[in-house]
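The primary structure of each chain is shown beneath.
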Amino acid sequence: MKSIFKYSAVIILLLTLAACGKDNYDAPESILTGKMVYNGTSIQVRGTGEAVQLQLYQRGWQKSDPISVFVTQDGSFTAKLFDGTYYLVTRDNNGPWVNTRDTMQIELRGTASVDVNVTPYFTISGENITLSGNTLNASFTVNRVVSDAKLEKVYLVLSKTQFADEVNNIFRSDITDNVAAGAGNVSADLSGNNDVANAKTLYGRIGIKTEGTEQAVWSPVVKLK
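Analysis parameters
Residues numbered from 1 in each chain as written. Predicted model: local features only at pLDDT ≥ 70, side-chain atom pairs only at ≥ 80, totals over all residues. Heavy atoms only, no water. Phe/Tyr/Trp six-rings, centres within 6.5 Å; stacked < 30°, edge-to-face > 60°. Helix = DSSP H or I, 4+ residues; strand = E, 2+ residues; numbered from the N terminus. Buried < 20%, exposed > 50% of the residue type's maximum accessible area, 1.4 Å probe, protein only. Lys NZ or Arg CZ within 6 Å of the ring centre and 35° of its normal. Salt bridge = Lys/Arg side-chain N within 4 Å of Asp/Glu carboxyl O. Contact = heavy atoms within 4.5 Å. Pairing = 2+ DSSP bridges.

Student: Hey, could you run me through the packing of aromatic side chains in this one?
Tutor: Aromatic ring pairs are described here by two measures, namely the spacing of the ring centres and the angle between the planes. Within the structure shown, the criterion is met by one aromatic pair. Seen from their ring centres, Y155 and W218 are 5.5 Å apart, and the 10° between their planes marks the pair as stacked. Remark: W218 occurs in strand β15 (residues 216–218) and Y155 occurs in strand β11 (residues 151–159); sequence separation between them is 63 residues. Exposure remark for Y155: the relative accessible area of 5% places this residue in the buried category. Just above the ring of Y87 sits the side chain of R59; from NZ or CZ to the centre is 3.7 Å.

Shown next, in the form of structure tokens:
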């Protein structure tokens, strides 16, 4: 019996050491940063719910599942990784841009920064959002980039936080009538919206969604209150 207990203790010790060895691998410390750009300008997107993603692959590994990289609302992204060679692509039919999915090879040694060039269907410029009493006004210009793209709707949203989009908001207006490329002007009556009236801070944002896409292109967030 003593021998059995002795051997059992040795086996348990070896298993414990093996388990500790698995847990003691160094964590990834190299940093990949970048942004989604068109003509050198960052593409603003929805930043909540990990809605817009990129995918990283490494060749030669048995596990071929991609590493998901989440794009923040200002179009930037960050990933902590091990040094190595990575292949970066946009997620299939995910962003508010043409779905080319060009592969970018990245050599990561400590740090690396990349611009991912995409072609949005539309862009927003000249945006101006103001709040006067209970009236919310927004003016903007929708710029057509892809000739056969069709504009589906314009979002006008308010949020209590700096994260404002079609999901994270306390006020949302969807404009679908007569939406077209060019100068636009929309307004909304906020009377009776207690969330807006009681908010200590308010942030506004405009989004434009193209037919057949999951995501919208957004303007930068503007603090209104």
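Back to the write-up after that little detour.
Student: How do you make sense of the pattern of salt bridges when you look at a structure like this?
Tutor: Applying the stated rule across the entire model yields five salt bridges. One salt bridge in this structure joins K153 and D174, with 3.7 Å as the shortest N-O distance. Highlighted residues: K153 in strand β11 and D174 in strand β12 (residues 171–175), separated in sequence by 21 residues. According to the relative accessible area criterion, K153 is buried, its value standing at 15%. The structure contains a network of salt bridges with shared partners spanning K153, R172 and D174.

Student: Help me understand the environment of V146 in this model?
Tutor: Structurally, V146 is set in the loop between β10 (135–144) and β11. Here the alpha-carbon distance between V146 and Y121, two residues 25 residues apart in the chain, equals 5.0 Å. Beyond its immediate sequence surroundings of up to four residues, V146 is in contact with V98, T119, P120 and Y121.

Student: I'm lost on the pairing of β11 in this one. Help?
Tutor: One face of the sheet, then the other: side chains in a regular strand alternate in exactly this way. Burial analysis of β11 places eight of its nine residues in the buried class, the great majority of the element. The sheet contact formed by β11 and strand β14 (residues 203–210) spans eight bridges and is antiparallel. Of the residues in β14, the one forming a bridge with S159 is Y203. Note that β11 and β12 share five bridges and pair antiparallel. Directly across from V154, in β12, lies its bridge partner I175.

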